[in-house]
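# Residue-level structural notes
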Number of protein chains: 4
Amino acid sequence: LAQELAGGPPELFALTLARHFVDNIGPVEGARVTIEEYPWERVSVDGRPHAHTFVRRGGGNRTTTVTVEGSGENQRAWVVSGVTDLVLLKSTGSEFRGFLVDEYTTLAPAIDRVMATSLVARWRYADSVGDTHTSEEFDWDGIWNGVREVMLAQYAQVHSFALQHTLWEMGKGVLDGQASVVELRLEAPNKHHFIVDLTPFKRSNPGEVFYAADRPYGLIKAAVERDDVPRAELAWDAWPPVDRGPG
Amino acid sequence: LAQELAGGPPELFALTLARHFVDNIGPVEGARVTIEEYPWERVSVDGRPHAHTFVRRGGGNRTTTVTVEGSGENQRAWVVSGVTDLVLLKSTGSEFRGFLVDEYTTLAPAIDRVMATSLVARWRYADSVGDTHTSEEFDWDGIWNGVREVMLAQYAQVHSFALQHTLWEMGKGVLDGQASVVELRLEAPNKHHFIVDLTPFKRSNPGEVFYAADRPYGLIKAAVERDDVPRAELAWDAWPPVDRGPG
Amino acid sequence: LAQELAGGPPELFALTLARHFVDNIGPVEGARVTIEEYPWERVSVDGRPHAHTFVRRGGGNRTTTVTVEGSGENQRAWVVSGVTDLVLLKSTGSEFRGFLVDEYTTLAPAIDRVMATSLVARWRYADSVGDTHTSEEFDWDGIWNGVREVMLAQYAQVHSFALQHTLWEMGKGVLDGQASVVELRLEAPNKHHFIVDLTPFKRSNPGEVFYAADRPYGLIKAAVERDDVPRAELAWDAWPPVDRGPG
Amino acid sequence: LAQELAGGPPELFALTLARHFVDNIGPVEGARVTIEEYPWERVSVDGRPHAHTFVRRGGGNRTTTVTVEGSGENQRAWVVSGVTDLVLLKSTGSEFRGFLVDEYTTLAPAIDRVMATSLVARWRYADSVGDTHTSEEFDWDGIWNGVREVMLAQYAQVHSFALQHTLWEMGKGVLDGQASVVELRLEAPNKHHFIVDLTPFKRSNPGEVFYAADRPYGLIKAAVERDDVPRAELAWDAWPPVDRGPG
């Protein structure tokens with residue numbers, strides 16, 4: 001199978017492999033396959049891309065988790081694709097104020113702040129009549145790239161009133177642009193960049209020196225879905241645990 | 001200090017900070033500063049780089065460790081710069097055979113293999129009369145980029161007889177091209193991509209399906225230095241431990 | 001709250017904190033709190049436990065995740081407790097054979113093997129009429145210890161035909177012994193200890209030398225539940241992500 | 001070799017293995033072997049230790065790194081043993097005040113604080129005439145346990161004026177008690193437990209509620225050695241990198 005499907009989209013490989021187990025192995029009634037794909041780019045030598053040497057680039061890893069259950073006409077399939085390790089930062093265009101204040105509130109409002117995160121996003125595919133997209137003709141690669149592109153553009157262009165607000169606009173942008181996506185689940189740790197208070201040293205700090213904290217932090221989770229979203233059933237059970245694998 | 005030196009090379013910032021502690025704080029006789037710099041690129045929106053939004057890219061993090069000791073005319077300084085997390089892979093142009101064989105040898109020779117690693121490289125600067133380069137005029141950024149470029153080019157272009165051989169050629173290439181670098185230390189885990197043996201299933205596997213193993217592995221370490229290298233003294237004590245920090 | 005509830009079971013603290021947010025903060029309709037508790041023991045000095053010095057011990061961390069939703073009489077609560085990082089090994093009393101064989105099978109049957117895992121277990125509490133146990137009188141500590149004890153005893157005493165078999169017996173043992181537990185979810189990576197094949201060197205290896213591999217591995221997941229288990233609703237949404245925190 | 005040396009101290013196994021490579025394999029002039037040993041205890045079933053089932057316990061992993069160089073009468077050997085992952089906490093008996101204050105100081109003095117760390121300690125063996133202890137008769141296990149015991153006792157019993165002070169007393173205690181140890185190197189991240197300031201909420205906090213921070217932190221390093229310590233030569237080159245292995 002690996003030989004036959006080399007180079008195709010990971011979703012198709014996962015579908016074929018999961019169906020192989022369910023269809024061909026007696027006792028297997030359901031199967032789930034998760035794939036993680038790492039991005040590479042060619043090493044540049046004398047200004048030209050090298051023929052067979054690659055360097056790992058950033059920009060997020062592509063993931064997919066496919067669940068197949070049942071046999072024959074009753075066979076069902078769910079496809080959840082996503083991106084992990086997508087580290088984003090905007091140096092302005094972000095504020096956080098006007099929040100609920102009670103007697104325990106110590107956080108000061110921010111009118112201009114650095115906003116950064118390491119995004120994990122996953123989205124579920126389904127077609128207009130509620131079935132899951134599993135066809136070979138489906139443009140898995142093009143749609144995956146389109147979803148990622150919209151999320152990046154929204155992160156950049158939305159003037160953010162909160163990381164939660166930005167996540168909502170990212171999800172909304174994807175649902176508006178991609179008819180085959182019916183639901184997104186996003187996890188975004190708030191990677192704080194706190195402005196350092198230099199007033200004890202009688203210096204001002206006009207957005208120049210920050211402390212990049214990773215604790216304490218808020219791990220913001222958001223789900224954005226269509227009003228008429230078909231039921232998820234087994235799709236999100238597919239949410240894989242964090243893999244501490246090779247990378 | 002952070003305000004004054006913003007945007008300059010990390011080596012200069014580390015030198016200034018270390019000297020501040022040694023020169024201005026009574027009991028401090030020596031100081032060591034380590035900096036790690038992460039690479040970012042602008043998010044592309046509608047094909048154009050965005051004004052204030054960035055995505056972490058790969059290609060390795062830049063590091064520097066500076067050690068300063070003593071005061072006045074006797075003050076010494078050592079600068080070791082480097083790159084970490086530089087993940088490289090070449091899909092051909094690599095072999096491993098002709099090695100020593102004894103009664104415990106089970107490894108088969110390979111005439112064409114995938115070679116991959118996650119490189120950590122560090123190199124020590126010193127000038128022609130043996131003193132350490134610590135001047136502000138020194139082109140820290142240009143030389144760092146030059147060292148990285150030569151290492152990538154050598155990794156790509158050298159037909160490799162062993163990962164050790166490639167490391168040697170990478171180090172030699174840097175010493176040949178950069179007069180200010182006198183010694184390199186390289187750590188390269190052998191990230192094996194074993195060809196899967198499909199003969200039990202009566203199929204051939206002409207370089208198509210690999211198993212990306214990360215254990216067991218060899219962690220190859222190499223030091224490459226000039227014949228007339230000045231003594232390292234405290235420079236390599238500066239080798240920092242692995243930081244499990246924010247990233 | 002932290003002051004008032006200090007020293008009590010983490011489940012009670014999580015319940016109180018989650019209810020605080022839902023009951024007292026206007027816009028909050030639901031809340032989820034996850035707690036991880038690390039085990040410590042007193043340092044022994046001259047054979048006696050020291051008054052105020054502790055060393056982290058193993059044996060697994062205690063976790064709980066509490067979800068509260070709704071207000072007044074309609075308020076619901078779900079409690080899922082668990083243990084993570086419980087590293088277990090049995091040096092005999094484990095086999096794996098008689099499994100399904102097809103044309104792709106290369107695994108050899110094992111009649112006596114080392115079986116090891118790093119267990120993550122979580123279990124859901126509910127009372128006999130289907131409501132969730134959330135009472136202060138509930139013996140959170142005693143039951144947590146009881147569940148852990150039964151799992152360890154089953155791991156030790158069951159002659160294992162597969163890690164899956166052992167997980168089933170561990171879950172069954174808990175359900176038999178603890179009326180308040182209605183469902184368990186277990187994750188157990190198969191930490192292989194492969195016997196090293198010394199026949200190329202003309203030596204036998206009667207269970208003496210092993211290779212402790214961690215890849216490739218099977219991450220075995222199992223759910224064990226009562227026949228009449230009440231619906232889980234939001235309970236398992238509570239399954240927390242892996243925390244990379246201080247530890 | 002693994003069969004013959006099973007059950008003996010890791011230092012002896014490492015010595016034998018390193019010498020095998022240097023003595024028996026033509027081109028090898030030097031070898032370094034690092035071993036990590038994990039602690040286990042028997043699972044308790046019905047109050048009795050089980051015959052063949054074990055649970056990983058805490059209290060630190062034992063390590064050793066042995067370097068062998070040269071042949072025949074000129075062969076040299078260095079042994080550095082240690083402990084990693086030894087997580088310690090004392091809830092009182094620790095202060096930090098009277099430190100140097102300049103215009104950048106914001107840290108407040110503490111007269112009673114929680115002090116915690118995750119200790120990595122390594123120590124070098126040498127005998128009274130400067131040669132390295134490599135004999136089979138040497139009590140590797142007993143001395144290793146003795147060193148660990150003294151360090152724990154000092155951590156507990158010394159009233160600490162700083163983590164640095166405690167490390168010094170730990171090192172001194174070992175050198176006083178163990179004639180064969182000539183030098184220790186200690187790494188101790190300051191795992192802060194900051195008292196939470198409840199005064200904004202008009203509550204006192206008499207040592208009840210802490211925030212367990214892991215960043216920012218100081219990674220305290222200390223070396224403690226005898227006045228007449230023999231030269232270390234290759235011993236500390238042996239300091240192994242952090243292994244992200246199976247565990």
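Residues numbered from 1 in each chain as written. Chains lettered and ligands numbered in written order. Predicted model: local features only at pLDDT ≥ 70, side-chain atom pairs only at ≥ 80, totals over all residues. Heavy atoms only, no water.

### Some details on the packing of aromatic side chains
Within a pair of aromatic rings, the relevant descriptors are the distance that separates the centres and the angle that separates the planes. Scanning the entire structure with this criterion turns up 23 aromatic pairs over all chains. Their ring planes at 70° and their centres at 5.4 Å tell us that Tyr-104 of chain B and Phe-201 of chain C sit as a pair that is edge-to-face. Taken together, the positions of Tyr-104 of chain B in the loop between strand 5 (76-90) and strand 6 (115-125) and Phe-201 of chain C in the loop between strand 8 (193-195) and strand 9 (210-212) put the pair across two chains. Measuring from centroid to centroid gives 5.0 Å for Phe-96 of chain D and Phe-99 of chain D, while their planes differ by 25°, and the two rings are stacked. Taken together, the aromatic side chains of Tyr-125, Phe-138 and Trp-140 of chain A make up a single cluster linked through ring pairs. Between the NZ or CZ atom of Arg-56 of chain B and the centre of the ring of Trp-40 of chain B, over which it lies, the distance is 4.5 Å. (Phe/Tyr/Trp six-rings, centres within 6.5 Å; stacked < 30°, edge-to-face > 60°. Helix = DSSP H or I, 4+ residues; strand = E, 2+ residues; numbered from the N terminus. Lys NZ or Arg CZ within 6 Å of the ring centre and 35° of its normal.)

### So, the environment of Glu-95 of chain C
All names here are of chain C. Tracing the sequence through the fold places Glu-95 in the loop between strand 5 (76-90) and strand 6 (115-125). A residue is classified by how much of its surface remains accessible, and Glu-95, at 9% relative accessible area, is buried. Residues Glu-95 and Tyr-155 lie 60 residues apart in sequence; the distance between their C-alpha atoms is 13 Å. Ignoring sequence-local partners within four residues, the contact set of Glu-95 consists of Ala-110, Ile-111, Arg-113, His-159, Ser-160, Phe-161 and Ala-162. (Buried < 20%, exposed > 50% of the residue type's maximum accessible area, 1.4 Å probe, protein only. Contact = heavy atoms within 4.5 Å.)

### Observations regarding the relation of the copies chain B and chain A
Overlaying chain B with chain A gives an RMSD of 0.0 Å, the required rotation being 180° about an axis along which the chain moves by 0.0 Å. Here the copies are linked by what is in effect a two-fold axis. Closest approach to the rotation axis among the C-alpha atoms of chain B is made by Gly-58 of chain B, whose C-alpha sits 2.1 Å away. The share of interface residues of chain B whose copies in chain A are also at the interface is 100%, consistent with both copies meeting through the same surface. (Least-squares fit on C-alpha atoms with pLDDT ≥ 70 in both.)

### Side note on the layout of surface pockets
Considering only enclosed or pocket space, the second largest pocket measures out at about 690 Å³ in volume. Elements that contribute at least two residues to the lining of the second largest pocket include exactly strand 2 (40-45), strand 3 (48-56) and helix 2 (140-157) of chain A together with strand 2 (40-45) and helix 2 (140-157) of chain B. (1 Å grid on protein atoms, 1.4 Å probe; cavity = no way out; pocket = protein on both sides within 12 Å on 5 of 7 lines; lining within 4 Å. Points joined across faces, edges and corners; volume = space filled by probe spheres on them.)

### A word on the side chain of Glu-11 of chain D
Take Glu-11 of chain D: it is sitting in helix 1 (residues 10-24). For Glu-11 of chain D, a relative accessible area of 0% puts it in the buried group.

### With respect to the packing of helix 1 of chain D against helix 2 (residues 140-157) of chain D
Pairs of packed helices are described in terms of their axes, by the angle between the two and the distance that separates them. All names here are of chain D. Where helix 1 contacts helix 2, the two axes come as close as 8 Å, and the packing angle between them is 125°. Judged by the inter-axis angle, helix 1 sits oblique to helix 2. Where helix 1 abuts helix 2, its residues Pro-10, Glu-11, Leu-12 and Leu-15 lie against Trp-140, Asp-141 and Trp-144. Residue composition of the contact of helix 1 with helix 2, grouped by class: five nonpolar, no polar and two charged. (Axes fitted to C-alpha atoms, helices over the stretch in contact; angles between N-to-C directions. Parallel < 35°, antiparallel > 145°, perpendicular 65-115°, else oblique. Nonpolar A, V, L, I, M, F, W, Y, C, P; charged D, E, K, R; others polar.)

### Side note on unusual backbone geometry
You will see that Asp-85 of chain A, though not glycine, has its phi angle at about 65°, which is positive. Using a relative accessible area of 47% as the deciding quantity, one classes Asp-85 of chain A as partly exposed.

### With respect to the interface of chain B and chain A
Across the boundary between the two partners, chain B contributes 41 residues, which contact 41 residues of chain A. Buried area between chain B and chain A, both sides added, is near 3,100 Å², and the carbon and sulfur share of it is 59%. Linking chain B to chain A there are zero salt bridges. Our count for the contact surface shared by chain B and chain A stands at 10 residue pairs in polar contact (both at pLDDT 80 or more). At the level of elements, strand 2, strand 3 (48-56), strand 5 and helix 2 of chain B are the ones that each hand at least two residues to the side of chain B that touches chain A. Here the element with the most residues in the side of chain B that touches chain A is strand 3 of chain B; it accounts for six residues. A class-by-class count of the residues in the side of chain B that touches chain A yields 19 nonpolar, 14 polar and eight charged. (Buried area = accessible area lost by both parts, 1.4 Å probe. Salt bridge = Lys/Arg side-chain N within 4 Å of Asp/Glu carboxyl O. Polar contact = N/O pair within 3.5 Å; in protein donor to acceptor, adjacent residues only side chain to side chain.)

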